[in-house]
Amino acid sequence: MPNSNFQPLDNYSVESEENKNDQNDKMEVIESYNPETKVMLERFILVLIAIGLILGAILSVGVVYILDKTGFTTPPSQPQIDLGN
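Note that the coordinates shown come from a computational prediction; the quantities given were computed from them, not determined experimentally.

What counts as what
- Residues numbered from 1 in each chain as written.
- Predicted model: local features only at pLDDT ≥ 70, side-chain atom pairs only at ≥ 80, totals over all residues.
- Heavy atoms only, no water.
- Helix = DSSP H or I, 4+ residues; strand = E, 2+ residues; numbered from the N terminus.
- Buried < 20%, exposed > 50% of the residue type's maximum accessible area, 1.4 Å probe, protein only.
- Areas by Shrake-Rupley, 256 points an atom, 1.4 Å probe, with all protein chains shown as cover.
- Contact = heavy atoms within 4.5 Å.

Draft legend 1. Examining the overall build of the chain more closely. A count of helical and extended segments in the chain gives two helices and zero strands. Split into buried and exposed, the 85 residues of the chain put 0% on the buried side. Accessible surface computed for the chain: about 8600 Å², of which carbon and sulfur atoms make up 63%.

Right, here's the structure in full:
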């Protein structure tokens, strides 16, 4: 048979309704969560933010230190212009 996966239109519409019901059931499962898990995730995110801030501060101080040691932060010297007075 050339098309062995053929299904009548009525069966397809029934299956699509069943799929919608399954999706609604899945959404209900997702909405119900454990409060301890939520607290753990909030703490984890706050720890990640704190670590990011600390690493950012260390890196920025290091970059400023290196730029200062290499002379990139000093303003260039400007030659005196003789106006001929």
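Draft legend 2. Representation of the environment of T73. Here T73 is to be found in the segment after α2 (35-70). Exposure remark for T73: the relative accessible area of 44% places this residue in the partly exposed category. In contact with T73, not counting residues within four places along its chain, are L67 and D68.

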